[in-house]
Structures are given as C-alpha cells and as structure tokens.
Amino acid sequence: MTDLTWRPVPRSRLTAAGPPRSPRWRLLPSATVLAIVALTVLVVPLVVDLNQQYVDLAIANQPPSAAHLFGTDELGRDVLLRCVYALRVSLTVGIVAAVISAVVGTAVGALAGSIGGWFDRILMRLVDAVASVPHLLLGIVIVAILRPSLTAVIISIALTHWLTSARIVRSEVLSLRARPFIDAAIVGGASRTRVLTRHLLPNVAPQVLLATTLMVPHAVWHETALSFLGLGLPPHAASVGNMINDAQRSLLIGGWWMSLAPGLLLIITTLAVSGVSGVWRDRLNPKRRTELTW
Amino acid sequence: MIRSIGRLTLRRLAFAVPVLLVVSFALFVLAKASPFDPVERYFGVRIIGASPERVAQLRANWGVDEPVVAQYWAWLRHAVAGDLGDSLSLQQPVSAVIGDRLGWTVLLVSVGFTLALLLGLVLGTLAAWRQGSWLDRLITGGCYALEAAPVFWVGLAVLYVFALQLRWLPGGGVTTGSEPVSVGGVAVHMVLPVAVLAISQAPWFVLFVRQNLLESFTQDHVIGARARGLPDHLVVSGHALRTSLLPFLTLLGARLPELITGALLVETVFSWPGIARATVEAALNVDFALLGALTVMATGVVLLGNLLADVLYALADPRVALDG
C-alpha cells in the first residue's frame, strides 16, 4: 500500500496581475505633493521678496546648512529658492507649450477625422513623418532657426508634441462619427462645422484635457534638455535645465548640492503630475488601466 | 513568407523615401525662412570691408538668391551623390564631420541599447515573477523614478560619484591625457556613458516586460505548463517569456527616437566625441548644412529601425498579417 499523502502546493507567485490597487493609494500622495509644489511656486515669489539675481560672494559655494537647505551656488544665491523660481519658469513653459500643442493636435486630428478620405490619409502620413524625426533633434532645429529664447523653446516644444493629441482626437472623432447622435444631428440639418464644433469636439474634450496634462511632464523635460544643451532659455533665466547646466561647473570642484535639488524637485513634480493624471486616465478609460505610465 | 517580407520591406521603403524628402524639404524651407544669410555669416565682421563685387560673386556662386525649389534640387542632387555640402561652423565638409563622429555615437548607442534590453528582460522578469514582493516594488519604483529623471541629471550624478569621488572610472572623453586611442582605454572610458544610457532607457523595457509577463501568466499554455507540474522557472522562461516577447520586437523600433535623444544628452555630459557636440555647435551657429544632414540621417535611422523591427516580428510570428 502506497502512502498517499496530500501535500499543499506552496503558494506560487506566478499569478496574473492582481486587482489594481485602490486609486486613493496613488491619488493622495501625488495630489498632496502637487498641491504643495503649486502653492510654493505660486505663493513664495509673492511673499518672499527675492531678488534672484542677488549676489553675495561671501556665502558662495556653501554646502547645505540650516540657513540654506540645499546650499548656495557659486554666486551665493540660495539653491532652494532659485529652484522655486526655476520650477515656476519650467512649469509655465511646460503648461503653455502643452496647451499649444494640444490645440494644434486637436485641430489636425479633428480635421483629419471629420473630413476623412484622402485628406485624412495625407494628414496622418504627415503625422507619421514628423513622428520619425527624433523630438529633441527637431526641437534643436527649430530653436536654431528662431534663436534660443523663451518663445523659441515654447514653439519648439509645441511643434514636436502635437502628434499624440492629433492621433487621439482623430481616433475619437472617427468612433464618435459612427454614433447615432451624430447621424441625428446631420439629419436634423446641422452643417459640417456645427457637427464638428457642437457635437464632436465637446465629446473629445475630456480626452484632450487628459492628454494635455500627461504632456506637461514631457514638455518640461524637453525644455530642460534644451536648456541643458545651452539651446533653451537665456543663461541668466532660472530654469531647471539652466540650473543643472550651471551646476556642471561646480560639480567638478565638488559642489554636488547645486544640481541635486533641481533634479530631485523635477523628479518629484513629474511623478506627482503623472500620478494624478494616471488616476484620472483610469477613470476615463478603464480599459487602458494596464498601460505603462504610472 | 520570404516574398511577403520582401513586399513589406518594399512598401516601407516606398514610405521612407517620401518621408525623407518631405523632412529634408521642410528643413530646407525652414532654413530659408530664417533671417540668417549664409553669405553674411561667412563674411562675419569682414563684410564691412569686403568689396561688393566679391560679395555678389559669392552670392552667385552659392546660389543663395535662387528660388527655394531650385536650391533644394541642387542640394538633393549633390546629397544623393554623397556630397552634403560644407559645414560653416566647423569649416569642414559635412560628410567628413559626420564620418569622424558617427562611429563613436554608434558604438555608444549600440552597446547602451543592448545593455538596456538585457536589463529590461532580467529585471522585468524578476519583477513579474516576484510580483508584489519588495523586489518588485523596488524595481518598479526605481523605474518610475528613473523615467521621471532627466538623463543628463542622472549622468551628472553618476559622473560625480564614480569619476570624481570614488575615482574608479574616467569621467569624460575616450582617452586620458594624450595617450593614443586604444581598445582597452576606450572600453574603460565607455563604462559610465554606456551605463547611464542603459539605465535611462531600461525602465521602459522593464515595465513593459513585467506587464506583458503578468498578462501571459493567465494564458492557457502557461496554466497548462504549470498544471503539468513544471517548475516555476521553466514556466517563466520557457512558456510565458517567449510569447510575451513578441510585442517587444516592434517596440524596439518605436524606442529609437528616444534612444537617439538620450545619446545626444549622455554624450554631452561625458564629452563623448560623437555627433552631439557637432549638433549643438551647428544649432548655435545656424549651420543648416550640418544640422539638416544630421536630422535627415536620424530620421532615416528611425525609419530603418522600424522596418527592421517589423521584419523581425514577421519572422518570429508568421501569423502576423504582413499586408496590414
């Protein structure tokens, strides 16, 4: 007689993705951080009278201390306060550029989707063509033509980042066009323009808004990269990229704190923005919940 | 099979040629629309003393006052023949400028990309296998943080720690001092830039592999393999990973633009003698001959990469409808 004993199989971890964690887990910390960043960036320049060009060579190149949490730079300016300014500049650039790129993208996508036919095909091929040029390189070309400035950077970001929203809007418009309420509007005598502006675009709006929020970190990143290469905002303007670029020199003589703070703040802000918009996206399209971004 | 891959290749090439033409023409028009006059640029301050005849002669020689289309046609004719014009900022033929630097960039990018892929596969598999464990959280958390961090900031941090503080590895260039370029020397100098490029590109692959593995754990053949009593590591490597790798192939192509962007920034941080420096110089000096050639070239590489990824996909999975 064989000894038949039942042994429990050790619990294996080879299981499918568990149920997504409660959105609150992501929303609360991200929203808190975002609120703190937004408040700081908006309020601090109002409250603290900070001449950010204020130079005090006596306290230059000081490592972090109680008086200067992230130290001072080579001109004796407080790194943390300068970071607040830099973040303010970078976020402004990012938001403006993201909005412009969303407008361009929505226009292209809506036209392509609602007119259709060869027009659609040509526009979408154009989108594919622009998508094949590396973003930063195209951005560099645009900045080179317009010369480095705030406007040039914003245009450069807007002209390289409209593709995503164009694709989203087009596919949304295509799927909306097949819905009965559009047929009803057309039967009711609505003109093409009216269908587009009163029926199609309002229904695309939430998706566009979401895409724009998700675009902000990309835009900020692009601005930072351009500034770091010396092709972004003018050197005296504080932006995250400029600060890191400036800090490069100090790094060689041991001043690590000057680049630490801007980078960390940028990471935290980016994570917070994508955290909040990620929760929002999950609400909007539950099917795409498994997507890669946070 | 071979024939359909040939058709795919032909169709993609038929798309690539117009794209390259459109991109180069658009760049050309943009350059023309900019307020920069190459002749004035060439003379610089000396234009004050230069005789009007000489300026006029140069204008005629360079053909700067001809219509855009005629100029573009002239450029295209020469470009096809391999003559990309002269770089104004570096005073060298564009082909020589690119030729000197391209090898270094290709070296950095290819090794960095391979390493990023390996990291992605290994870490992604580990994270999926131990889903929910501290290891998984560490890996995914680290990936999200790295995705949000600017490449050059990571580069500076690595430079500071390993080259300036610990002094383990050289932090810039390809040689130390005046010693000649040698394989060993380059290998040592390569470690930091390649590592930074790899860890900045890896997060995306890691998260992708993890996600796809988790999805494939619910598929029938994986459940079947587990039901037959195969050990977990065999199921993961032999059954789950294989099927989830297919979509990975197309993503390799899609990731190329980011890779080129990342390489530009990493090269700048580590003073790598690749094309990054030339690109920035060209942009600062409005050197369109060089800038345009670099952009068109990068676009060509991206299109080629996409084609290659699609062909590999078709080879790996014959079910793929090639005429989609």
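Residues numbered from 1 in each chain as written. Chains lettered and ligands numbered in written order. Predicted model: local features only at pLDDT ≥ 70, side-chain atom pairs only at ≥ 80, totals over all residues. Heavy atoms only, no water.

Brief notes about the overall build of chain A
When helices and strands are tallied, chain A shows nine helices and zero strands. Of the regular secondary structure in chain A, the N- to C-terminal order runs α-α-α-α-α-α-α-α-α. Taking all 294 residues of chain A together, the buried fraction comes to 46%. Taking as baseline every contact in chain A between residues at least 6 positions apart, the subset at least 24 positions apart corresponds to 68%. By element, 67% of the accessible surface of chain A is carried by carbon and sulfur atoms, the whole surface being about 14800 Å². (Helix = DSSP H or I, 4+ residues; strand = E, 2+ residues; numbered from the N terminus. Buried < 20%, exposed > 50% of the residue type's maximum accessible area, 1.4 Å probe, protein only. Contact = heavy atoms within 4.5 Å. Areas by Shrake-Rupley, 256 points an atom, 1.4 Å probe, with all protein chains shown as cover.)

Notes on the packing of helix α9 (residues 220–227) of chain B against helix α10 (residues 232–244) of chain B
For any two helices packed against each other, one specifies the crossing angle of their axes together with the interaxial distance. Residue and element names in this part refer to chain B. At a minimum axis distance of 10 Å, the contact between α9 and α10 shows a crossing angle of 165 degrees. Taken together, the axes of α9 and α10 are roughly antiparallel relative to one another. Classified by chirality, the crossing of α10 by α9 is right-handed. Across the interface between the two elements, His221, Val222, Ala225 and Arg226 from α9 touch Asp232, Val235, His239, Ala240 and Thr243 from α10. (Axes fitted to C-alpha atoms, helices over the stretch in contact; angles between N-to-C directions. Parallel < 35°, antiparallel > 145°, perpendicular 65-115°, else oblique. Left-handed = near helix turned anticlockwise from the far one by under 90°.)

A closer look at the interface of chain A and chain B
It is common to give the size of an interface as the accessible area lost on bringing the parts into contact. In this complex, chain A contributes 47 residues to the contact, which on the side of chain B involves 57 residues. For the chain A and chain B pair, buried surface summed over both sides reaches about 4800 Å², with 76% attributable to carbon and sulfur atoms. At the boundary of chain A with chain B, the tally comes to zero salt bridges. Broken down by secondary-structure element, the contributors of at least two residues to the side of chain A that touches chain B are α3 (117–131), α4 (135–146), α7 (192–228), α8 (240–252) and α9 (257–284) of chain A. (Buried area = accessible area lost by both parts, 1.4 Å probe. Salt bridge = Lys/Arg side-chain N within 4 Å of Asp/Glu carboxyl O.)

With respect to α4(A)
Residues and elements named next belong to chain A. With twelve residues, α4 extends 17 Å from end C-alpha to end C-alpha; this agrees with the ideal 16 Å at 1.5 Å per step. Of all twelve residues making up α4, ten are buried, and the element is well covered by its neighbours. Inspection of α4 places Leu136, Leu137, Leu138, Gly139, Ile140, Val141, Ile142, Val143, Ala144 and Ile145 among the buried residues, and these make up the whole buried set. Positioned one or two residues after α4, Arg147 has a phi angle of 65 degrees, which is positive. (Expected span 1.5 Å × (residues − 1).)

Brief notes about the confidence of the model for chain B
A residue-level look at chain B finds 90% of positions with pLDDT of 70 or above and a mean pLDDT of 81. At the level of chain-chain contacts, confidence expressed as ipTM amounts to 0.81, with global pTM at 0.82. (pLDDT = per-residue confidence, 0-100.)

Digging into the UniProt feature "domain: ABC transmembrane type-1" (unreviewed entry) in chain A
Sequence positions flagged by UniProt for "domain: ABC transmembrane type-1" (unreviewed entry) are, in local numbering, residues 87–277 of chain A. Summarising residues 87–277 of chain A: 85% helix, 0% strand, and an end-to-end C-alpha distance of 19 Å. (UniProt positions renumbered as here; feature names shortened; annotations may be inferred.)

Comments concerning empty space enclosed by the protein
All names here are of chain A. On inspection of all chains with the given rule, the structure shows one cavity of 30 Å³ or more. Roughly 60 Å³ of internal volume is contained in the largest cavity. Residue lining of the largest cavity: Leu87, Leu91, Val216, Pro217, Val220, Leu266, Thr269, Thr270 and Val273, and that is the complete set. The biggest single contributor to the lining of the largest cavity is α9, with four residues. Taken together, the residues that form the lining of the largest cavity break down as seven nonpolar, two polar and no charged. (1 Å grid on protein atoms, 1.4 Å probe; cavity = no way out; pocket = protein on both sides within 12 Å on 5 of 7 lines; lining within 4 Å. Points joined across faces, edges and corners; volume = space filled by probe spheres on them. Nonpolar A, V, L, I, M, F, W, Y, C, P; charged D, E, K, R; others polar.)

Some remarks on helix α1 (residues 2–33) of chain B
Its 32 residues place the ends of α1(B) 46 Å apart at the C-alpha level, agreeing with the 46 Å of an ideal helix rising 1.5 Å per residue. Listed in full, the buried residues belonging to α1(B) are Ser4(B), Ile5(B), Leu8(B), Phe15(B), Ala16(B), Val19(B), Val23(B), Ser24(B), Leu27(B), Phe28(B) and Ala31(B).

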